[in-house]
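Examining the three-dimensional arrangement
Single-letter residue listing:
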Amino acid sequence: MIKRVTFRHKWLPYALLAPQLLITLVFFIWPASQALYQSVLRQDAFGLRTEFIGFENFADLFADPTYLSSFHITLVFCLAVASISLGFALMLAVMADRVIKGATTYKTLLIWPYAVAPAIAGVLWYFMFNPSIGINAWILRTVFGYDWNHTLDGGDALLLVIIAAAWKQVSYNFLFFLAGLQAIPRSLIEAAAIDGASPLKRFWTIVFPLLSPTTFFLLVVNVVYAFFDTFGTIHATTNGGPAGATNTLVYKVFNDGFIGLDLGGSAAQSVILMIIVVSLTVVQFRYIERRVEY
Amino acid sequence: MTLHRKFAALAAGAIALTAAGQAFAQTEVQWWHAMGGELGQKTEAIAAGFNASQSDYKVVPIYKGNYTETMTGAIAAFRAKKHPHIVQVFEVGTGTMMAAEGAVYPVYKLMQDAGAKFDPKDYLPAVTGYYTDTAGNMLSMPFNSSTPVLYYNKTAFAKAGLDPNTPPKTWPEVGEFSKKLQAAGIACGFTTGWQSWVQLENFSAWHNLPIGTMENGFGGLGTELTLNSDAHVRHIAQLAEWQKTKIFDYGGRRSDSAPKFYNQECAMYMNSSAAQAGVQANAKDFEFGVGMLPYWPDVAGAPQNSIIGGATLWVLSGHKPAEYKGVAAFFNYLASAEVQAKWHQETGYLPITLAAYELTKTQGFYDKNPGTDVSIKQMTLKEPTPNSKGLRFGNFVQIRDILNEELEAVWSGQKTAKQALDTAVERSNALLRRFEKDNG
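Everything numeric in this text was worked out from a predicted model, so none of it was measured.

**Describing the overall build of chain A**
Looking only at helices and strands, chain A features 12 helices and two strands. Listed N to C, the secondary structure of chain A is α-β-β-α-α-α-α-α-α-α-α-α-α-α in terms of helices and strands. The buried share among the 294 residues of chain A stands at 34%. Nonlocal contacts in chain A, meaning residues at least 24 apart in sequence, comprise 68% of its contacts between residues at least 6 apart.

**Observations concerning the interface of chain A and chain B**
Opposite the 24 residues of chain A that make contact, chain B presents 32 residues. Of all the secondary structure elements, the ones that give two or more residues to the side of chain A that touches chain B are strand E1 (41-43) and helix H11 (249-259) of chain A. Counting residues per element, the side of chain A that touches chain B draws most heavily on H11(A), which supplies three residues. Grouping the constituent residues of the side of chain A that touches chain B by class yields 10 nonpolar, nine polar and five charged.

**Remarks on unusual backbone geometry**
For residues besides glycine, phi is generally negative; the peptide bonds are generally trans as well. Residues and elements named next belong to chain B. Here Ala302 and Pro303 are connected by a cis peptide whose omega angle stands at -5°. Residue position: Pro303 is located in the loop between strand E8 (288-291) and strand E9 (309-315). Backbone geometry at Lys81 places phi at a positive 55°, although glycine is not the residue there. Summarising the element assignment, Lys81 is placed in the loop between helix H3 (67-79) and strand E3 (86-90). Its 9 C-beta neighbours within 10 Å are what place Lys81 among the exposed residues.

**Here's the deal with the domain arrangement of chain B**
Residue and element names in this part refer to chain B. As far as domains go, chain B holds domain 1 (2-145 + 309-368) and domain 2 (148-306 + 395-439). Each of domain 1 and domain 2 has a C-alpha centre, and these two points are 30 Å apart. Opposite the 11 residues of domain 1 that make contact, domain 2 presents 14 residues. Tallied by class, residues from the side of domain 1 that touches domain 2 come to four nonpolar, seven polar and no charged.

**Concerning the sheet that holds E3(B)**
All names here are of chain B. Taking strand neighbours across the sheet as the criterion, the five strands line up as E2-E1-E3-E9-E4 in an open arrangement whose pairing is mixed. Both edges of this open sheet fall to strand E2 (57-63) and strand E4 (141-146), since each of them pairs with a single strand only. Between one strand axis and the next, the sheet turns by 20° as a mean value, whatever way the strands run. In terms of strand pairing, strand E1 (residues 27-33) meets E3 through two bridges, oriented parallel. Looking at the pairing, Trp31 lines up with Ile86 of E3. Running at roughly 135° to E3, H3 makes contact with E1, E3 and E9 of the sheet.

**Quick word on the pairing of E1(B)**
Moving residue by residue along a regular strand, the side chains alternate between the two faces of the sheet. All names here are of chain B. In terms of burial, E1 is largely enclosed, as five of its seven residues are buried. As judged from the seven bridges shared by E1 and E2, these two strands associate in the parallel manner. Among the inter-strand pairings, Trp31 is bridged to a residue of E2, identified as Pro61. Each parallel crossover has a hand, and for E1 linked through helix H2 (residues 37-53) to E2 it is right-handed.

**A short note on the nonpolar core**
Within the largest apolar cluster, 187 residues are counted, with the highest numbers of intra-cluster contacts made by B:Leu150, B:Tyr151, B:Ala267, B:Val315, B:Val327 and B:Phe330. In terms of residues, this core owes the most to one element, helix H7 (residues 154-182) of chain A, which gives 13 residues. Taken together, domain 1 (2-145 + 309-368) and domain 2 (148-306 + 395-439) of chain B each give at least three residues to this core, which thus spans both. With residues up to four places along the chain from it excluded, the contact list for B:Leu150 reads B:Pro167, B:Met268, B:Met270, B:Val290, B:Gly291, B:Met292, B:Leu293 and B:Pro294.

**Observations regarding the packing of helix H5 (residues 107-114) of chain B against helix H14 (residues 321-334) of chain B**
Residues and elements named next belong to chain B. As a packed pair, H5 and H14 sit with axes 9 Å apart at the nearest point and diverge in direction by 110°. In this view, H5 runs roughly perpendicular relative to H14, as classed from their interaxial angle. Listed contacts from H14 to Leu110, Met111, Asp113 and Ala114 of H5 are Tyr324, Lys325, Val327 and Ala328. Residue classes in the contact of H5 with H14 are distributed as six nonpolar, no polar and two charged.

**A closer look at the confidence of the model for chain B**
Residue and element names in this part refer to chain B. Taken as a whole, chain B shows an average pLDDT of 90; of its residues, 94% reach a score of 70 or greater. Contacts for the low-pLDDT stretch residues 12-23, under 50 throughout, to residues beyond four places or in other chains number five contacts. Scoring of the predicted complex yields 0.84 for pTM and 0.78 for ipTM.

**Some thoughts on the pairing of E3(B)**
Residue and element names in this part refer to chain B. Burial analysis of E3 places four of its five residues in the buried class, which makes it a mostly covered element. Two strands pair when backbone bridges link them, and E3 and E9 are joined in this way by five bridges, in the antiparallel orientation. Bridge pairing in E9 places Val89 opposite Thr312.

Criteria and thresholds
- Residues numbered from 1 in each chain as written.
- Chains lettered and ligands numbered in written order.
- Predicted model: local features only at pLDDT ≥ 70, side-chain atom pairs only at ≥ 80, totals over all residues.
- Helix = DSSP H or I, 4+ residues; strand = E, 2+ residues; numbered from the N terminus.
- Buried ≥ 20, exposed ≤ 12 C-beta atoms within 10 Å, placed from the backbone.
- Contact = placed C-beta atoms within 7 Å.
- Nonpolar A, V, L, I, M, F, W, Y, C, P; charged D, E, K, R; others polar.
- Domains from an automatic or database assignment.
- Pairing = 2+ DSSP bridges.
- Axes fitted to C-alpha atoms, helices over the stretch in contact; angles between N-to-C directions.
- Right-handed = clockwise from strand over helix to strand, strands pointing away.
- Core = buried A, V, L, I, M, F, W, Y, C linked by C-beta atoms within 7 Å.
- Parallel < 35°, antiparallel > 145°, perpendicular 65-115°, else oblique.
- pLDDT = per-residue confidence, 0-100.

Written out as C-alpha cells, the structure reads:
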C-alpha cells in the first residue's frame, strides 16, 4: 500500500519551491524575456536611441547567407563534440572501472581537465596545433606528411575547436559514466560470464542498456554544452575563422553582441538559438527517452 | 550586459573605497585603459607623473582588459551611469564613438571650456586627421598610435645574396626577393599581421585609393566601402597567387603570424611599428631591419602616406565641470614634448606632437636605434589626402571580421580575389546601412 503524504498548509509546498522558482526566475526567465524584448528593438551602442522595429532583426538574419551556413557548421560541431566526448568518456570509464591498482590516481587524472576554463583549454590546443611552433602540427608534418594549418584550412580549424571542446567535456562525462557503471550489479555481469558471454557481448547486452539513463542524461547535457558553452573556446582559438569555418551560432551571438555591440541582432540570434535548443530537448525527451530503461 | 554592469559597479565601489582614503581636496579623474603588461606600467607611470606634478587633481588609471573589453565595458558603464571620465578606445571604434553625440565630450570643446592652452596645429596631422570632424575639430586625444612597417631578416637577406641594407621598395621587388630567399632555403618570403589593416586599409591610403565613399566615411554615415577596385583586386589576387608557392604565407589574424618571422620561416613581416619591441626581443638568431611598406609602382600617386592604428582617449560626458578641468590639465601634461618623447622612445608608438618628434631627434634616439623613425617618415611622407587621412566607419569592428573572413577565403583558394572583395563590400555595406539607421 502506498502511503500518501498530505500537507495541511496550502502555502508550504510553495514555500519549499520558492528558492528554486526564484533562481529560475532571476537567472532564466528574466534574462530570456530581456532577450525577447531586445530582439525587436534597434538601439545604438550607448543606448541613446531606441526604436521598435518588430521582426526586422530576424528578417536581416535570414537574409544573411553566412548566418544560414552557421547553422550547418553548428550542427556538425555539435554532433562531433557530443559523440567524441561521450564515446571517449565511455571507453575510459569502462577501462577505469576494471583497474584495480592505482584506480584513484587514474580517476583523478581523468577528471582534471574539467577544472580547466574553456578559454584556457582552447589556447592549450591552439598552441599544440600552431602551424609554426606547435608540437602536434610538427608531428603531423614530419611523421604523417600532413601540412596542418588551421589559420588557412577551414576543416583543420573546425577539427581543432571540436577537439578542444570535446576534450574538456570528456572528464565530466567520464565521472557520470563511472558512477553509472559502479551502480550496475556485479552479479548480473558475473552470471553472464558464467554463461559464457564474451566481454564485448556482456557490454552490449547488459552494461550498455543498464547505462542508458546516464547516457541519455549526458546526451542532453552535451548537446546543450556544445550549443551554448563553447564560445570561449572558439573565441580564444579561431575567432570563428578562417572564412567563417568555425562560426557557430553561439559564437556569432557573442561576437555580434559583446564585440560588435549590435544588441538587437545578437538578441534575435539568441532567441532563435533558444528555440532550437528547446525543441531539440523536447525531441530528445519524446523520442530517445522511450528507449531508455530506468 | 548584466555582467558588465556588475563589473562596472564593482569597479566603481573599489574606486569609492580608495577615494575615501585620499585627501578630499583633490579632484579625482578616472581613466580606463587597455594597456596590459609592460605598456600598462608605462601608462600608469604617466598618470603617476601627472599626479606628482601638481596637487589639485589625481588621475586614477584602471586597466580594463583588451581594447574591445575596455570599449564595451565603458559603454556598458555609460548605460549604467557609472562611466569613467576618460576611456581609451581603439581606432576602429572611432566611428561608434563619434556617432554617440551626447555621450562624448569632444576634446576641443573640453579644452575650450576649461580655458586650457590647446592648439591642434601642434599635433602630427596624420595622427589627428583620424580623430577630427569635417570642420577640423579634434574630438579625442591621440594617445598611442602606430602604423604598419616592413620588418625583414637581414641575416637571411645576406644568405640569399641580397643587400641586407636594402629592403624591397615595391611589390614586384617583394616577389623577386622572396624567390631568391626561397632559393637560399628560406621557406616563405613574407607574412603579414592584421591583414585588413595592413593589406587593405593601409594599402589604400599608401596608394591614394579610397577605402570608402564620402572621404572614407569622414563625410557622413551614408558611406560605402570601395575596397573592390581594380587595384585592390590585383593586389589581393597577387597575394593569393603567391600563397600557392609560399612567397606569401598567411599566418592568422591579429599578430598570430609573428612566430613565422621569429623562427625564420618567413624572411619578411609586415606589422605595426609598435611591434618592434617584440621583434627585438624575439629575433635572437638574426639581425633585422625596418623598411617602409611596399607599393605598386604603376599606381599613380603611390606611395602616398600610411594611416594609423592604435587608440585615443575619449572623454565621456555627465561628470562635474571641476573634474573636466582636471581632464584638461592631464591632457596638457600628456601632450608635453617630454612625456610624449619618452612614451614614443620606450614603446615604439608614434610621437603625437611635432615637438616630441623634434626632441627625440635632438636627443639622438633615431641614430642610436636605426629603424625607429621609419614609421614616422612613412606617415608623414606626403600631405594626407581625403584618401589617406584615415577612415571612419560605423560597425567597423564587425566589418573587420567580414574582411578577415573574405580574405581567408581567398588565401585558401575558395574564392577569387574579385569574388571575395565584392562580397566583402556588399556585406560591409549592409552593416554600414544598419549603423546609419541605428544612429540616423
